[in-house]
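# Coordinate analysis (summary)
So the chains spell out like this:
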Amino acid sequence: MNDRSDSASIVDGRMTLPGVAGVFVQNAARPLAFTADGLAAVSGHEWRDGVLHDAARIEGHARPEGATLARIGQEGPAQDLSLTIRSFPGESAPLLRLSLPAGAQGDLDARLAAELFLPQPLFTALRQDLAEGRAGSLSLTATTNLWLREGSTDDEPPVFHLAPEADGRPPQAHGRVQSISWRPLEPAADPAFLAAGQPDQDEEPEDPVAEQLRRINWSLKQVLIILVFLMLIIALK
């Protein structure tokens, strides 16, 4: 399929492309949600312009939640995104970047990459919770500059579209994170623990009459022991 980026027309925030039915708009009031798991901390450094920089990051996998990602006029990319979480100085709102590799417009199996940029304090807190087992999965919502087909309603799952590749640059989208949270993974149920809580099917239910007889028998034994002890004391006198 040919690149239609040179013929895309955007007028008053409405985008049309020749050969593609419908009009596409951006809607900041309709956020995109993601869930992520498989989080793993990665330590490292990199050199840029002869200067050593910290390249610590968190990697994982993310998927859109209750929505679908697509490419205008083409099949959508794989919905399993590679996720990289990085830090930046300051305490500004977290940012999200979505991108396809250059030249991947026609690749049906192209994997979309998601990069999440967190302010340093938030990144440090996430990394610490990850190390201590309190961050097994992550959820976030963000407003993006992805495109929605005009006329789509809130009653149907939204389909967010990447704009076509333009000027040889890979398709990209940006967003501002509205909310982010993480939680530990739920521990798998221990079969031994579950079995301990279940009654033994082979064990016969206890007879209450037999239990009462055992108690009476035990009491009589105690009385006999006391009588023998008293008789022993009398015999010794």
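As a reminder, the structure under discussion sits directly above these lines.
Read on for a plain summary of the structure.

Definitions and cut-offs
Residues numbered from 1 in each chain as written. Predicted model: local features only at pLDDT ≥ 70, side-chain atom pairs only at ≥ 80, totals over all residues. Heavy atoms only, no water. Helix = DSSP H or I, 4+ residues; strand = E, 2+ residues; numbered from the N terminus. Buried < 20%, exposed > 50% of the residue type's maximum accessible area, 1.4 Å probe, protein only. Polar contact = N/O pair within 3.5 Å; in protein donor to acceptor, adjacent residues only side chain to side chain. Pairing = 2+ DSSP bridges.

### A look at the side chain of Gln79
With respect to the helices and strands, the residue Gln79 is situated in strand E9 (residues 78-88). Its relative accessible area of 19% is what places Gln79 among the buried residues. Within the local environment of Gln79, its side chain forms a polar contact with the backbone oxygen of Leu69, the two atoms lying 3.0 Å apart.

### Remarks on the pairing of strand E11 (residues 111-119)
Pairing between E9 and E11: eight bridges, direction parallel. Across the sheet, residue Ser87 finds its bridge partner in E11, namely Leu118. In this structure, strand E10 (residues 95-99) lies alongside E11, joined through five bridges in antiparallel fashion. When the bridges of E11 are listed, Leu96 appears paired with Leu116.

### Some remarks on the sheet that holds strand E3 (residues 24-25)
In space, the four strands of this open sheet follow the order E1-E2-E3-E13, with antiparallel pairing throughout. Lying at the two open borders of the sheet, with one neighbouring strand each, are strand E1 (9-11) and strand E13 (148-149). Pairing of E1 with strand E2 (residues 14-16), which is carried by three bridges, proceeds in the antiparallel orientation. Along E2, the bridge assignment pairs Ser9 with Thr16.

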